[in-house]
Amino acid sequence: MSVTLIDMVFPGDANHHGTLFGGVGLAHLDKVAFLAAARHARRPTVTAGCERIDFAAPARIGEMVEATGKVVRVGRTSMGVEVELWAEAPVSGERRLCTRGVFNMVAPRGEGQGDLPPLQENPPEDDGWLRAVEMVFPTWTNHYGTLYGGDALKLMGKAAFICATRKARAVMVMAASNRIDFSSPIREGDMIELASRAIKIGRTSVTIEVELWAEGLLTGERRRSAAAEFVMVAVDEAGRPRPIYRLASALEIA
């Protein structure tokens, strides 16, 4: 099973040429390699090394980057994870492969543990949700060891922006949040899955539903931790709302 991380290239992630730092791209790839491997192993996992990685194309400021990781080889305590990094222009949808490679991950045996489970092919399912993952690091947590609500909102807002942009292929801004419900804490070390989908299309707006799921990497326990609805509006170069009628066939117009 593959995992996908989707992020934006902000100025702080770029070099003086206005393109993504190679180190930031490698960090994205290492993260998805770790998450894919740890999800398969269900035990502590570390990066042992990576095979040749070539940067074939740049990702520019303002573009989306999509990093995917998929376990393709399993040994007794090691795994090979194939990784790819794609850049995507938000408005045009033009995509290009920036880099591809293989990370070698190791999950040492604990007391009483045997070899890693064998590789199983699970074909991807298209259920209409756009899914992306993240990891909860200590700097994101409060004194209880759980994710700050503000960081959860930031992640859900970004997911709504990416989903709306891909749906409308227009410059999108957040206009409102209809509701936000928190139902379960997210702990340090959990994997986060952000699932988003468009549920309503207006003349200039898209309403996005976002669910935030937490998953314990060692146990596999999953729980829906938060849900929200965001209204995103398409704007022109002057910042004025612009119509997106071409989406009318997909969902109800409001």
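Provided above is the structure to which this section pertains.
Owing to the predicted nature of the structure, the values given are computational and were not obtained by experimental measurement.

Caption draft 1: Quick look at the sheet that holds strand E10 (residues 205-215). Read from one edge of the open sheet, five strands run E7-E9-E10-E11-E8, paired in antiparallel fashion. Because the sheet does not close on itself, it has two edges, and the strands there are strand E7 (130-135) and strand E8 (171-182). Across the sheet, the mean angle from the axis of one strand to that of its neighbour is 25°, orientation sign disregarded. As defined by bridge partners, strand E9 (residues 191-201) adjoins E10 across 10 bridges and the pair is classed as antiparallel. In the strand pairing of E10, leucine 194 is matched with leucine 212. On top of the sheet, helix H1 (residues 22-41) reaches E7, E9, E10 and strand E11 (222-235); it is set at about 95° to E7, its chief contact. The strands touched by helix H2 (residues 149-168) within the sheet are E7, E8, E9, E10 and E11, with E8 carrying the most contacts at an inclination of about 135°.

Caption draft 2: Layout of the pairing of E10. Burial analysis of E10 places 10 of its 11 residues in the buried class, the great majority of the element. Between E10 and E11, which pair antiparallel in sequence order, lie six residues; one of them, glycine 220, sits at a positive phi of approximately 80°.

Caption draft 3: Focus on the packing of aromatic side chains. Tallying each qualifying case throughout the model produces one aromatic pair. For the ring pair phenylalanine 137 and tryptophan 140, a centre distance of 6.4 Å and an interplane angle of 85° mean the geometry is edge-to-face. Take phenylalanine 137: its relative accessible area is 37%, and that puts it in the partly exposed class.

Caption draft 4: Up close: the side chain of glutamate 209. Residue position: glutamate 209 is located in strand E10. With relative accessibility at 13%, the residue glutamate 209 sits in the buried group. The contacts of glutamate 209, once residues within four sequence positions are left out, are Trp129, Arg179, Ala195, Ser196, Arg197, Ile199, Ala228 and Glu229.

Caption draft 5: Looking closely at a nonpolar patch on the surface. Side chains of Leu153, Ile180 and Phe182 sit close together on the surface and give an oily, nonpolar patch of about 240 Å² of accessible area. Along the polypeptide, phenylalanine 182 turns up in strand E8.

Caption draft 6: Highlighting unusual backbone geometry. You will see that arginine 42, though not glycine, has its phi angle at about 55°, which is positive. You can see arginine 42 is positioned in the loop between H1 and strand E2 (46-50). Among the residues examined, arginine 42 registers a relative accessible area of 28% and is labelled partly exposed. A positive phi angle is found at arginine 169, which is not glycine, with a value near 50°. When you line up the elements, arginine 169 lands in the loop between H2 and E8.

Caption draft 7: Quick peek at the environment of alanine 228. Secondary-structure assignment places alanine 228 in strand E11. The spatial distance from the C-alpha of alanine 228 to the C-alpha of leucine 212 is 8.7 Å, given a sequence separation of 16 residues. In contact with alanine 228, not counting residues within four places along its chain, are Met156, Arg179, Ile180, Ile208, Glu209 and Val210.

Caption draft 8: How the structure looks around the pattern of salt bridges. Under the counting rule described, the total for this entry stands at 27 salt bridges. Salt-bridge contacts for glutamate 134 lead to lysine 31; the nearest nitrogen and oxygen are separated by 3.0 Å. Of this pair, glutamate 134 sits in strand E7 while lysine 31 sits in helix H1, and the two are 103 residues apart along the sequence. For glutamate 134, a relative accessible area of 10% corresponds to the buried category. Between glutamate 211 and arginine 224 there is a salt bridge, and its shortest N-O distance comes to 3.0 Å. On the criterion of sequence distance, the pair formed by glutamate 211 in strand E10 and arginine 224 in strand E11 is long-range, its members being 13 residues apart. Exposure remark for arginine 224: the relative accessible area of 39% places this residue in the partly exposed category. One connected set of salt bridges, linked through shared partners, spans Arg39, Arg42, Asp127, Arg131, Glu193, Glu215 and Arg222.

Caption draft 9: Main features of the environment of serine 78. Tracing the backbone through its elements, the reader meets serine 78 in strand E5 (residues 78-88). On the basis of relative accessibility, which here comes to 24%, the residue serine 78 falls in the partly exposed class. Spatially, the C-alpha atom of serine 78 lies 14 Å from that of glutamine 113, the residues being 35 residues apart in sequence. If near-sequence neighbours (up to four positions away) are discounted, serine 78 is found in contact with Arg73, Met105, Val106 and Leu116.

Procedures and definitions
Residues numbered from 1 in each chain as written. Predicted model: local features only at pLDDT ≥ 70, side-chain atom pairs only at ≥ 80, totals over all residues. Heavy atoms only, no water. Pairing = 2+ DSSP bridges. Helix = DSSP H or I, 4+ residues; strand = E, 2+ residues; numbered from the N terminus. Axes fitted to C-alpha atoms, helices over the stretch in contact; angles between N-to-C directions. Contact = heavy atoms within 4.5 Å. Buried < 20%, exposed > 50% of the residue type's maximum accessible area, 1.4 Å probe, protein only. Phe/Tyr/Trp six-rings, centres within 6.5 Å; stacked < 30°, edge-to-face > 60°. Patch = residues over 30% accessible without salt bridge, like charges linked within 9 Å, V, L, I, M, F, W, Y side chains within 5 Å. Areas by Shrake-Rupley, 256 points an atom, 1.4 Å probe, with all protein chains shown as cover. Salt bridge = Lys/Arg side-chain N within 4 Å of Asp/Glu carboxyl O.

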